[in-house]
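# Fold and geometry: a report
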Amino acid sequence: MALCLSQVFNKDKTFRPRKKFEPGTQRFELYKKAQASLKSGLDLKTVVQLPPGENINDWIAVHVVDFFNRINLIYGTMSEFCTQKSCPIMSGGLKYEYRWQDDHKYKRPTKLSAPQYMCMLMEWIEMLINNEDIFPTRIGVPFPKNFQQVCTKILTRLFRVFVHVYIHHFDSIISMGAEAHVNTCYKHFYYFIREFSLIDHRELEPLVRSCLLHVGVKFT
C-alpha cells in the first residue's frame, strides 16, 4: 500500500516552519483548488495550468509557497544523511558546484557545505515569502513589478535542492521508501516551471540524465 507524504516524511523535521495560507483569502482558495487537482489524478501537465479567470501572479505565489513547504519537508527529513562531512561542498555531482550569495551576509558567491547552503536557502526564502512588499496578502495590494523575477530566483535555488538530493542522496530516498513521493514532487515542480518558463533551461542540465532514469521526465 502506498504511503502518504506525512507517513514518509517527518513534518517536525522541516528546516523552517511551514508557510500557511490565511483561510478565506483568494490565495487560500487557489491553494485548495491546486491541491484538489493534484488529488484528482489529473495529469500533472494539466494540473499546473492557470485556471480560467485567475491571476497568474496569484497562481505562481501559491505554488512557490507550496513548493517551499514540500521541498523544505523533504530535505529536512533527509538532513541526517547530508552532513558537513558527507557533503562539504554544495554540489550536483563533480561538474556542478553551487555557491551562496545573498547581498547581506554573503555579498560575493561563497563556497558552503550542502547543509549550510540549505539552511541559508530556506531562511532566505522564508524571509521573501513573509515580506508583504513581495508576496502581498492584503486584498487590493498589487504584486511588485519584479515579482516573477524574484520567483524565478527562488525556484532556481529550490531546484538545486532536487539536484543535490537526486545525485548525492538517492540511495537514502530509496531506503526511506520515499522514491515515488520525491519523484512526484519533482515532476510537479518541473512541469510548473516549464509551463510558465520560470527557470533557465541551462539550470536544468544537472538532472537531465537522473530524471530520465529515475523520474521519467523528458526535458524539452
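On a predicted model such as this, the values are computed, not experimentally measured, just so you know.

### Here we look at the side chain of His 169
With respect to the helices and strands, His 169 occurs in helix α6 (residues 147-175). Aside from chain neighbours lying at most four places away, what touches His 169 is Met 78, Phe 81, Cys 82, Cys 87 and His 164.

### Quick word on the pattern of salt bridges
Pairing between side chains becomes possible if they bear opposite charge and their charged atoms approach one another. All told, the structure shown has five salt bridges when counted by the stated rule. A salt bridge links Arg 99 to Glu 97, with the nearest nitrogen and oxygen atoms 2.9 Å apart. Residue Glu 97 is classed as partly exposed on the basis of its relative accessible area of 33%. The residue Glu 203 makes a salt bridge to Arg 160 at a minimum N-O spacing of 3.2 Å. One end of the pair, Glu 203, is in the loop between α7 (179-195) and α8 (208-215); the other, Arg 160, is in helix α6, with 43 residues separating them in the sequence.

### A closer look at the packing of helix α4 (residues 56-78) against helix α5 (residues 114-129)
Where α4 contacts α5, the two axes come as close as 11 Å, and the packing angle between them is 155°. With respect to α5, the axis of α4 lies roughly antiparallel. For α4 against α5, the interelement crossing comes out left-handed. Side by side, α4 and α5 meet where Val 65, Phe 68, Ile 71, Asn 72 and Tyr 75 of the first sit next to Ala 114, Pro 115, Met 118, Met 122, Ile 125, Glu 126 and Ile 129 of the second. Split into classes, the residues belonging to the contact of α4 with α5 amount to ten nonpolar, one polar and one charged.

### Things to note about unusual backbone geometry
Leaving glycine out, the prevailing phi sign among residues is negative, and the prevailing peptide bond configuration is trans. Residues other than glycine seldom take positive phi values, yet Asp 103 does so here, at roughly 65°. With respect to the element layout, Asp 103 can be found in the loop between β2 (96-97) and α5. On the accessibility criterion, Asp 103 (49% relative accessible area) is partly exposed. Phi is positive for Ser 197, close to 50°, though the residue is something other than glycine. Checked against the element boundaries, Ser 197 lands in the loop between α7 and α8.

### A short note on the packing of aromatic side chains
Within the structure shown, the criterion is met by 16 aromatic pairs. Taking the ring centre of Trp 100 as reference, the NZ or CZ of Arg 157 above it sits at 4.1 Å. Between the NZ or CZ atom of Arg 157 and the centre of the ring of Trp 124, over which it lies, the distance is 4.5 Å.

Calculation rules
Residues numbered from 1 in each chain as written. Predicted model: local features only at pLDDT ≥ 70, side-chain atom pairs only at ≥ 80, totals over all residues. Heavy atoms only, no water. Helix = DSSP H or I, 4+ residues; strand = E, 2+ residues; numbered from the N terminus. Contact = heavy atoms within 4.5 Å. Salt bridge = Lys/Arg side-chain N within 4 Å of Asp/Glu carboxyl O. Buried < 20%, exposed > 50% of the residue type's maximum accessible area, 1.4 Å probe, protein only. Axes fitted to C-alpha atoms, helices over the stretch in contact; angles between N-to-C directions. Parallel < 35°, antiparallel > 145°, perpendicular 65-115°, else oblique. Left-handed = near helix turned anticlockwise from the far one by under 90°. Nonpolar A, V, L, I, M, F, W, Y, C, P; charged D, E, K, R; others polar. Phe/Tyr/Trp six-rings, centres within 6.5 Å; stacked < 30°, edge-to-face > 60°. Lys NZ or Arg CZ within 6 Å of the ring centre and 35° of its normal.

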